[in-house]
Amino acid sequence: MRYFARKIGFYAVAAWAAITINFFLPRLIPGNPVEILMSRISQSGSPPPGEAKTLALLLGLSHGNIFSQYWHYLVQLAHFNFGISITDFPTPVSQIIASTLPWTIILVGTCTVISFMIGIVLGTIAGFKGGRWAEALIPSTTFLTSLPYFFLALLLLYFLSYEFHVFPLNGGYSDSVTIGFTWAFISSAVYHAILPSLTIILASIGGWLLGMRNMTLTTLSEDYVTAAEARGLPRRKIMINYAARNAVIPSITGFAISLGFVVSGSIAMEYVFSYPGIGYELLQAISNDDYALTQAIFLIITLSVLGANLIIDLLYGFIDPRTRQSR
Amino acid sequence: MTTEQDRIKENIRPDAATDRTIACGPILSVRELNVEYRGEKVTKAVQNVSFELYKGEILGIAGESGCGKSTLAYAITNMLKPPAYIKSGKAVYSQEDGSPIDILELNEKQLRQFRWTEVSMVFQSAMNALNPVTNLKKQFADIFLAHKPDMSKNEQTEKTLRLLEMVGLDKSTINRFPHELSGGMRQRVIIAMSLCHMPNVVIMDEPTTALDVVIQREILDEIINLQKELNFSVIFITHDISLLMEISDRLLVMYAGQIVEQAPTDEIINQALHPYTNGIMASIPDLYGERKELHGIPGTPPDLSLDIPGCPFEPRCPDAFGACRDIPLQKIFLADGSDHFVKCHKYDQRV
């Protein structure tokens, strides 16, 4: 129990540091959101007098010195109030995030898990059984991984959507359906997700496969595997409980890291497929100097990395009993 | 040497099984076994090895490292992995009903059934022979279920506890993980595991080598007691011939992949014939006798990928003479019908 408290404490401090840096960093960037907004408003007509001051108030930029701003920022965060977006003025940032984050988490999260599982299973079998198919599988998946991701995505998009119309060109769902828990919407969303998923899985599976296969080979030469064979254990049991169970430990660490990057890791995919996720939103926010939105997305990325690491840290004790004691 | 030999003689188990057991016929009979390692040049790790193991005896196999002891142990149980392979030979095991089977001819499924129920092994590296991520209860259960799939959970636990007790471990050990045990405890667990299905033969490959001398002694006593109690046969492999002089009934001395001398242990103690056997015996320190200089054997074992027409020990042998270099060796029996043979031209009247 003390261990858990200590871990959670550590991650709380890390989160606080991330939040604080997240507050100060944008303020070091030259430029001023009020000026940007003003110039945008003045493009469509002259702004009313005093508009700049009103905007500053609205964006929370007029509250005294930087420390009182910082305090204000923390209080607002506690209420999930991230301010107002400039990109979609005047939509609250929290609302934008709420509408884009699920798209990314569901699509990229599912793909990460699927890719990890397929990679681990194939890697174990390739390491344990070897043979001709494994020799062909490893270079081909490694080749897909080493291709620049956007190139692979564009290639698939060109052939499967543009030339042969198997999959839709872009978007997260068809324009003809409304978002809701209906069959029409869900089937449309799944249909739109297939091609992006395929590209993510193809591009990431090679890494898992190669890592797991190499670790399996290493584990196979361990004495406990030889001993298990001498004891007459069934091959399946040796492969899963003795070889794979030990070989998977390093991959789990890699999996934790990639889970943390679910939120931020697929900006290229969302851009290529115009997918309504948070990566696409981040790109727009940055190009629009949308401080509030950028800041909020960065914060979510940081927290998700921390959160994924915390979960794996806590799980590690179950995965590897040797780490339980040294605490 | 005499004081040392006398002391060891006194320590020999009074019921040395030699005469008693041979009458029953061998439980394991290895015939003309040849094992090679593939490579740029073929390494002949085990050459024409034949021996018998009788019921209830401890057979010692001694020799320097690199002389094929472990390869022999793995070959007998058909556990060799490439690049090692069995070139020729048989390892005939007499089943309970008396019918012989050649272990080297078994297919994968038969081998799996055969292993651990008939012949089990205690590995050299106790540190690594246990799966680090599961507790002992689970690992014992794996062994039970591999051969008795319908054994109940209670039965498994009960039997595991009994085995742990037998090797002198506390009951609570059952829920421990390997990393929580000391080296000696792990070796005890490994020994307990080898007895899960009460096999007739236990092959012990340097079971005490990685342990300190005090623990070595405890483990050794444990092995001897268990063997007396359960009457299984043991092939005990070690480089420490002094240890074998104490516990084994019969002794094989291996050099360069061959058995160079085989004899009942007390005959080796009294009358070791091969210069190599004498050499390794001369390198044992004497605990009680007067201080004397110890003599190692100068040089190292030969490269087994080279063809050696004569005696492989010739370059290191103090007694070598002309014939040793190029005349092939033969087994020379001490007397007709004797169990004691040596492969040395010194004793060959024809040379």
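The text that follows walks through the structure, step by step, so that each part is easy to find.

About the cut-offs
- Once a new chain begins, its residue numbering starts again from 1 and follows that chain's sequence as written.
- Each chain gets a letter, beginning with A, and each ligand a number, beginning with 1, in the order they are written.
- In keeping with the predicted nature of the model, local features appear solely for residues at pLDDT of at least 70, side-chain atom pairs appear and are counted solely at 80 or more, and the whole-chain, interface and lining totals rest on all residues.
- Only hydrogens and water are set aside; all other atoms, that is, all heavy atoms of the structure, feed into the side-chain values.
- Strands are runs of DSSP state E lasting at least two residues, helices are runs of H or I lasting at least four, and both sets are numbered from the N terminus onward.
- Here the globule rule is a power law, 2.2 Å times the number of residues to the power 0.38, and the radius of gyration is based on C-alpha atoms.
- Burial status follows relative accessibility: with a 1.4 Å probe on protein chains alone, a residue under 20% of its type maximum counts as buried, one over 50% as exposed, and anything between as partly exposed.
- Two residues form a contact once any of their heavy atoms are found within 4.5 Å.
- Only the protein chains shown count as cover for residues, and all accessible areas are computed by the Shrake-Rupley method using a 1.4 Å probe.
- Here the positive residues are Lys and Arg and the negative ones are Asp and Glu; neither His nor the chain ends is included.
- All charge positions are set by atom: Lys at NZ, Arg at CZ, Asp at CG, Glu at CD.
- Only buried residues count toward a nonpolar core, which is a set of Ala, Val, Leu, Ile, Met, Phe, Trp, Tyr and Cys residues joined through side-chain atoms within 4.5 Å.
- Put simply, a salt bridge is a Lys or Arg side-chain nitrogen that is within 4 Å of an Asp or Glu carboxyl oxygen.
- Think of a polar contact as two N or O atoms within 3.5 Å of one another; within protein, one of them needs to be a possible hydrogen donor and the other a possible acceptor, and neighboring residues in sequence only count if both atoms come from side chains.
- When residue character is reported, Ala, Val, Leu, Ile, Met, Phe, Trp, Tyr, Cys and Pro are called nonpolar, Asp, Glu, Lys and Arg charged, and the others, Gly included, polar.
- Note: two strands are recorded as paired if DSSP finds a minimum of 2 bridges between them.

Focus on the overall build of chain B
Okay, step 1: For chain B, the helix and strand inventory stands at 12 helices and 12 strands.
Okay, step 2: Radius of gyration (C-alpha) of chain B: 21 Å, near the 20 Å computed for a compact globule of 351 residues.
Okay, step 3: Taking all 351 residues of chain B together, the buried fraction comes to 55%.
Okay, step 4: Expressed as a percentage of contacts within chain B between residues at least 6 apart in sequence, the contacts between residues at least 24 apart total 66%.
Okay, step 5: Counting every atom, chain B has about 15,600 Å² of accessible surface; 50% of that belongs to carbon and sulfur.
Okay, step 6: Charge centroids of chain B, computed over 37 positive and 48 negative side chains, lie 5 Å from each other.

Considerations on the nonpolar core
Okay, step 1: Core analysis: the biggest nonpolar cluster contains 111 residues, and Phe51(B), Phe140(B), Ile235(B) and Phe236(B) have the highest contact counts within it.
Okay, step 2: Here Phe51(B) is in contact with Leu28(B), Ser29(B), Val30(B), Arg31(B), Leu59(B), Leu72(B), Ile76(B), Ile235(B), Leu252(B), Ile259(B) and Gln262(B), once residues within four sequence places are set aside.
Okay, step 3: Counting 25 residues, the second-largest nonpolar core is a separate cluster that includes Leu152(A), Leu157(A), Ile200(A) and Ile205(A).

A few points about the interface of chain B and chain A
Okay, step 1: At the interface, 26 residues of chain B touch 24 residues of chain A.
Okay, step 2: Across the pair Lys81(B) and Glu229(A) runs a salt bridge whose closest N-O atoms are separated by 3.5 Å.
Okay, step 3: If you look at where chain B meets chain A, you find 8 residue pairs in polar contact (both at pLDDT 80 or more).
Okay, step 4: Contributing elements (two or more residues each) for the side of chain B that touches chain A: helix H4 (108-114), helix H5 (136-147) and helix H7 (183-194) of chain B.
Okay, step 5: Its residues placed into classes, the side of chain B that touches chain A shows 13 nonpolar, 6 polar and 7 charged.

Focus: the environment of Ala98(A)
Okay, step 1: Residue position: Ala98(A) is located in helix H5 (residues 93-129).
Okay, step 2: Taking the C-alpha atoms as reference points, Ala98(A) and Ile278(A), separated by 180 residues in sequence, lie 9.4 Å from one another.

As for the pairing of strand S2 (residues 43-54) of chain B
Okay, step 1: With 9 of 12 residues buried, S2(B) is to be regarded as a mostly interior element.
Okay, step 2: Between strand S1 (residues 26-37) of chain B and S2(B), which follow one another and run antiparallel, lie 5 residues.

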